[in-house]
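A structural walkthrough
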Number of protein chains: 2
Amino acid sequence: MNHRDAILAAAAGVFAQHGFRGSTTRRIADAAGVNEITIFRQFGSKEALIRAAMQHLTQSAGLATLPDIPSDPERELTVWSESFMQHLRLHSSIIRKTMGEIEERPEMGECATEVPRRASNDLCHYLVALKRQGRITEKFEAKTAAAMLLGAIFSDAMGREMMPENFPQPKEKAAHMYTRVLLRALGVENGSRKATNKQTKRSKQLSN
Amino acid sequence: MNHRDAILAAAAGVFAQHGFRGSTTRRIADAAGVNEITIFRQFGSKEALIRAAMQHLTQSAGLATLPDIPSDPERELTVWSESFMQHLRLHSSIIRKTMGEIEERPEMGECATEVPRRASNDLCHYLVALKRQGRITEKFEAKTAAAMLLGAIFSDAMGREMMPENFPQPKEKAAHMYTRVLLRALGVENGSRKATNKQTKRSKQLSN
DNA sequence: TGTGTAAGTAAGTGACTACTTGCATTTCTT
DNA sequence: AAGAAATGCAAGTAGTCACTTACTTACACA
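Residues numbered from 1 in each chain as written. Chains lettered and ligands numbered in written order. Predicted model: local features only at pLDDT ≥ 70, side-chain atom pairs only at ≥ 80, totals over all residues. Heavy atoms only, no water.

1. A closer look at the protein's contact with DNA strand D
Note the cut-off: In this text, near means that some heavy atom of the residue lies within 4 Å of the molecule or strand in question. Identification of polar contacts relies on pairs of N or O atoms within 3.5 Å, with a donor-acceptor requirement for protein atoms, meaning one able to donate a hydrogen and the other able to accept it, and with residues adjacent in sequence counted only if both atoms are side-chain atoms. To qualify as a helix, a DSSP run of H or I must reach at least 4 residues; to qualify as a strand, a run of E must reach at least 2; elements of each kind are numbered from the N terminus.
The environment of DNA strand D is formed by 14 residues, the closest being Thr38, Arg41 and Gln42 of chain A together with Phe40 and Lys46 of chain B. When atoms of DNA strand D within 4 Å of the protein are sorted by moiety, sugar and phosphate together comprise 63%. Between a phosphate oxygen of DNA strand D and a side-chain N or O atom of His3 of chain A, the distance comes to 3.2 Å. Between Arg41 of chain A and DNA strand D, the recorded distance is 2.5 Å, taken from a side-chain N or O atom to a base nitrogen. At the level of secondary structure, the elements contributing two or more residues to the surface near DNA strand D comprise α3 (36–43) of chain A together with α3 (36–43) of chain B. Ranked by the residues each element gives to the surface near DNA strand D, the list is headed by α3 of chain A, at 4 residues.

Encoded structure:
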């Protein structure tokens with residue numbers, strides 16, 4: 001493993017455990033199996049290192065995608081919600097730390113908000129497409145609906161460990177349950193609807 | 001103002017701005033207009049002071065209450081949601097910090113989770129009461145529904161400042177909008193229903 | 001007037017922090 | 001094999017941190 005990458009990974013790990021102030025260069029060096037000096041020669045300063053580590057992390061973060069043409073909303077949204085939730089849970093420590101430090105270090109904000117921003121956009125587009133298909137019967141505001149589902153998933157991922165009795169059991173089904181509540185609020189009926197040939201082709205083009 | 005209270009208030013404020021590691025005894029003493037030594041004589045250590053400040057804070061936190069007998073769900077839930085959201089927004093800094101530090105200082109957890117725990121309980125009870133009145137027509141799981149509304153409110157209070165375009169506008173109406181989405185998911189129809197005499201009496205008894 | 005208590009002042013302790021310098025060693029490239 | 005670049009080691013700098021000690025001041029109450 002490259003020394004540079006080892007340092008970046010160690011910095012991310014230590015930051016997730018101890019936050020910025022608790023991420024001493026010594027701790028990071030030890031975690032990376034590297035001399036403390038090497039950090040300064042590679043990155044110049046602790047601040048530059050942490051910044052680089054955060055960017056390196058968000059760049060490597062993949063997010064599941066929703067189809068452009070909805071076919072089976074409950075299934076598609078559930079899969080997507082589950083993958084989003086898994087991502088949040090996997091990174092819950094670093095997310096909590098970043099949220100706590102964002103007021104003192106606003107430059108972290110751009111980095112930290114990228115994933116939820118994209119998630120919100122993707123979800124809104126999907127819901128608008130559903131509406132265009134005439135499958136949303138209720139009066140409807142995409143951002144409100146999206147904020148509810150994403151908010152529920154986010155809070156679950158952040159808070160379940162601290163207060164498990166506040167959330168539905170088991171945690172593996174939570175994303176599915178939230179999704180169903182949302183779909184019921186929108187008046188979307190269960191079951192899939194076959195996409196037309198034309199739609200299928202277009203969807204395949206777009207997904208490449 | 002009592003010196004002790006001044007120190008507690010200053011500690012809470014400094015902690016909200018800088019977190020535990022950033023809350024130096026000097027900063028707290030300056031903010032309280034008190035000599036640094038006084039802190040150690042009064043509280044023994046920085047850790048004890050911060051703990052005392054957190055407890056002092058949660059004790060003084062009031063939460064709006066929901067009626068035992070639902071009458072006008074949309075109005076009652078909206079008022080309650082708005083008050084809960086206002087509370088979260090008011091304390092967003094300290095909540096974010098506490099969430100970030102909870103893994104390093106688990107004893108903060110009991111303190112931090114008290115308010116959301118009570119909120120979740122209150123909301124679940126209210127929803128169950130609604131169900132018992134036969135006003136929830138859909139298949140229904142109280143905790144899931146509660147987690148969705150509370151999650152949306154929590155995420156809004158924590159995240160709107162960072163990424164306002166992810167949330168419904170204007171922010172003053174957000175709590176109302178989330179509430180309406182939830183009620184639609186539960187199949188609760190609009191409008192109030194008069195409580196019977198019997199119910200009214202019982203509700204009055206319980207609220208004392 | 002004397003006494004106890006809470007507060008302030010001044011100085012300092014030992015541990016830790018980010019970061020630097022000088023020099024020896026390893027590793028990679030050519 | 002030769003030169004260059006990356007890395008390690010030892011030592012040190014200037015600053016901050018929580019916390020202590022020894023002594024002084026202000027005030028309440030008896």
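2. Considering the confidence of the model for chain A
All names here are of chain A. Stated formally: Looking at any residue, its pLDDT shows the predictor's confidence there, from 0 to 100. Any pair of residues with heavy atoms lying within 4.5 Å of one another is described as a contacting pair.
Here chain A averages 91 in pLDDT, and 91% of its residues register 70 or above. Ranking the elements of chain A by mean pLDDT puts helix α10 (residues 197–207) last with 38 and helix α8 (residues 142–159) first with 98. Below a pLDDT of 50 lies the segment residues 195–208, which in the model reaches 6 contacts outside its immediate sequence neighbourhood of four places, other chains included.

3. Side note on the protein's contact with DNA strand C
Rule in force here: Three classes are used: nonpolar for Ala, Val, Leu, Ile, Met, Phe, Trp, Tyr, Cys and Pro, charged for Asp, Glu, Lys and Arg, and polar for all others, with Gly counted as polar.
By nearness alone, 14 residues border DNA strand C, and Thr24 and Lys46 of chain A together with Thr38, Arg41 and Gln42 of chain B come closest of all. Counting only the atoms of DNA strand C within 4 Å of the protein, the fraction contributed by sugar and phosphate is 68%. A distance of 2.8 Å is found between a phosphate oxygen of DNA strand C and a backbone nitrogen or oxygen belonging to Lys46 of chain A. Gln42 of chain B places a polar side-chain atom, nitrogen or oxygen, 2.7 Å from a phosphate oxygen of DNA strand C. Secondary-structure elements contributing two or more residues to the surface near DNA strand C are α3 of chain A together with α3 of chain B. Considering every element that reaches the surface near DNA strand C, the biggest residue donor is α3 of chain B, with 4 residues. Grouping the constituent residues of the surface near DNA strand C by class yields 4 nonpolar, 8 polar and 2 charged.

4. Section: the domain arrangement of chain A
Residues and elements named next belong to chain A. Cut-off, in case you're wondering: Boundaries between domains were set according to an automatic or database domain assignment. Note on terms: buried area is the combined drop in 1.4 Å-probe accessible area of two parts once they are placed together, counting the loss on both. Each salt bridge in this description consists of a side-chain nitrogen of Lys or Arg and a carboxyl oxygen of Asp or Glu lying within 4 Å of one another.
Here chain A is described as being made up of domain 1 (3–59) and domain 2 (73–195). Between the C-alpha centres of domain 1 and domain 2 the distance comes to 31 Å. Both sides together, the interface formed by domain 1 and domain 2 hides about 1100 Å², and carbon and sulfur atoms give 65% of it. Linking domain 1 to domain 2 there are 2 salt bridges.

5. Section: the pattern of salt bridges
Formally: When accessible area is computed with a 1.4 Å probe and restricted to protein chains, residues below 20% of their type maximum are described as buried, those above 50% as exposed, and intermediate ones as partly exposed.
One pass over the structure, following the stated rule, counts 20 salt bridges over all chains. A salt bridge links Asp156 of chain A to Arg89 of chain A, with the shortest nitrogen-to-oxygen separation between them at 3.4 Å. Of this pair, Asp156 of chain A sits in helix α8 while Arg89 of chain A is found in helix α5 (residues 73–90), placing the two residues 67 residues apart along the sequence. Exposure remark for Asp156 of chain A: the relative accessible area of 0% places this residue in the buried category. Taking the relative accessible area as the measure of exposure, Arg89 of chain A reaches 27% and is therefore partly exposed. Notably, a salt bridge pairs Arg51 of chain B with Glu107 of chain B, separated by 3.9 Å at the nearest N-O pair. Of this pair, Arg51 of chain B sits in helix α4 (residues 46–59) while Glu107 of chain B sits in helix α7 (residues 107–132), and the two are 56 residues apart along the sequence. Look at Arg51 of chain B and you get partly exposed, because its relative accessible area is 37%. Sharing partners across several salt bridges, the network here consists of Glu47, Arg51 and Glu107 of chain A.

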